[in-house]
Each structure stands twice: as C-alpha cells, then as structure tokens.
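The chain contents come next:
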Amino acid sequence: VQKLKCLYIWHLCKRKARFSMIDHEDFYVDKVAKAIKQYYPNAEVVSEYVPKPSRFPHIYFREADNTTDTISVPIKGGEALARLMYSVDVFSNAQSERKQECKTIMGIIDSVMLNYYFQRTMCNPIPNLNDATIYRMVARYSKTESKTEV
C-alpha cells in the first residue's frame with residue numbers, strides 16, 4: 001500500500017502543470033525590488049530571512065501564507081485559486097529620519113501591491129528587539145489569485 005501511495009504521488013508530480021501550487025512570490029519580489037531600487041539603488045531586497053543585514057535600507061519580502069481556495073477546487077483536482085498573503089519588513093539604520101525612510105519605502109511597496117489589487121491588512125512600526133538603532137516597519141498584503149493572473 002505504501003509503495004502504491006509513493007507511485008501515485010510521483011505520478012502526480014510528473015503532471016506538475018495540472019497539480020502545481022500557485023506560486024507567484026518571485027514575480028512580486030521582483031516588482032517590489034525594481035520599484036524600490038529606482039529610489040534607493042543601494043537597498044537590499046530579499047525573500048529569505050537575514051539575521052544581520054549587510055546593507056540598509058533592508059527589505060524582507062516574503063510569502064507568509066498560500067492557502068488553496070477550497071470553494072474553487074476543480075472537480076478534476078488541482079488548484080484554481082489561492083489566498084495569498086505577503087509580509088514585508090522594512091529596516092532602516094539611517095543616522096536621521098529612519099522612521100521617514102521606512103515610511104517612504106513602505107509607500108513605494110504599497111503602490112506596487114495595490115497596483116496588483118492586493119489589500120493591505122496591516123502596516124505598523126514594530127520594535128526591533130535585535131538592535132534598537134534600526135527602525136522597523138511591517139506590512140501585510142493579501143488577495144485571492146489564479147494561476148494565470150500575473
């Protein structure tokens with residue numbers, strides 16, 4: 001029975017196009033990074049956690065949730081829609097105006113995400129417990145998206 005399950009899963013993986021998870025994270029990371037670099041060419045935009053960033057401003061942009069929209073699952077299986085949530089952390093160590101730098105960068109990110117019909121569900125300053133000299137703001141964006149939407 002276990003061997004049959006493994007073969008079935010392998011078979012499904014080979015048919016990736018039909019059963020693949022909706023994954024547009026790289027697309028949105030790229031769009032946000034390009035927009036930020038226009039105004040902050042030295043900014044570092046990453047999608048994986050970096051405990052001690054080497055450059056500032058530092059933007060950590062990641063997909064925080066990707067859930068199948070169960071109402072839209074086709075009879076034949078697969079995924080038609082996914083509820084996506086992206087989380088963005090903006091860090092600044094500027095000598096002055098750290099808060100304003102974070103707000104400006106968050107405004108750039110906000111315009112990109114709203115342009116793709118995301119809803120901002122929160123945006124707040126968060127104490128940076130690792131280093132109080134670095135200002136931090138966090139925002140979250142969500143929407144339901146199809147495979148072909150981007």
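Residues numbered from 1 in each chain as written. Predicted model: local features only at pLDDT ≥ 70, side-chain atom pairs only at ≥ 80, totals over all residues. Heavy atoms only, no water.

Participant: Honestly, the packing of aromatic side chains in this entry has me stumped. Any pointers?
Facilitator: Given two aromatic rings, one states the distance between the centres and the angle between the planes to describe the pair. Counted according to the given criterion, the structure contains 8 aromatic pairs. Taking 5.4 Å as the distance between ring centres and 25° as the angle between the ring planes, the aromatic pair formed by phenylalanine 61 and tyrosine 86 counts as stacked. On the criterion of sequence distance, the pair formed by phenylalanine 61 in strand β2 (residues 58-68) and tyrosine 86 in strand β3 (residues 81-92) is long-range, its members being 25 residues apart. With relative accessibility at 0%, the residue tyrosine 86 sits in the buried group. Within the aromatic cluster, the residues linked to one another by ring pairs are Phe27, Tyr28, Phe61, Tyr86, Tyr116 and Phe118. When the ring centre of phenylalanine 118 is taken as reference, the NZ or CZ atom of lysine 143 above it lies at 5.0 Å. (Phe/Tyr/Trp six-rings, centres within 6.5 Å; stacked < 30°, edge-to-face > 60°. Helix = DSSP H or I, 4+ residues; strand = E, 2+ residues; numbered from the N terminus. Buried < 20%, exposed > 50% of the residue type's maximum accessible area, 1.4 Å probe, protein only. Lys NZ or Arg CZ within 6 Å of the ring centre and 35° of its normal.)

Participant: Would you mind going over the layout of surface pockets with me for this structure?
Facilitator: A probe matching the size of a water molecule, rolled over the atoms, marks out where space remains unfilled. Estimates place the volume of the largest pocket at around 290 Å³. Lining the largest pocket are 19 residues, with Tyr49, Pro51, Phe91, Asn128 and Asn130 positioned closest to its centre. Listed by contribution, the elements that provide at least two residues to the lining of the largest pocket are β2 and β3. (1 Å grid on protein atoms, 1.4 Å probe; cavity = no way out; pocket = protein on both sides within 12 Å on 5 of 7 lines; lining within 4 Å. Points joined across faces, edges and corners; volume = space filled by probe spheres on them.)

Participant: Hey, could you run me through the nonpolar core in this one?
Facilitator: Among the nonpolar cores identified, the biggest contains 28 residues, and Ile36, Ile59, Phe61, Val90, Ile109 and Met113 are the most heavily contacted of them. Secondary structure elements with two or more residues in this core: α3 (25-39), β2, β3, α4 (98-115) and β5 (135-146). Examining the composition of this core, we find that 7 residues originate from one element, α4, more than from any other. In this view, isoleucine 59 contacts Ile36, Ala43, Glu44, Val45, Val46, Val88, Asp89, Val90, Ile105 and Ile109; residues no more than four positions away in its chain are not counted. (Core = buried A, V, L, I, M, F, W, Y, C linked by side-chain atoms within 4.5 Å. Contact = heavy atoms within 4.5 Å.)

Participant: Help me understand the confidence of the model for the protein chain, please; the structure alone is not making it clear to me.
Facilitator: Close reading of the predicted structure is inappropriate where its pLDDT is low. Mean pLDDT over the protein chain stands at 86; residues scoring 70 or higher make up 82%. Low pLDDT (under 50) marks residues 6-17, which in the prediction has 2 contacts with non-local residues, meaning those over four places away or in another chain. (pLDDT = per-residue confidence, 0-100.)

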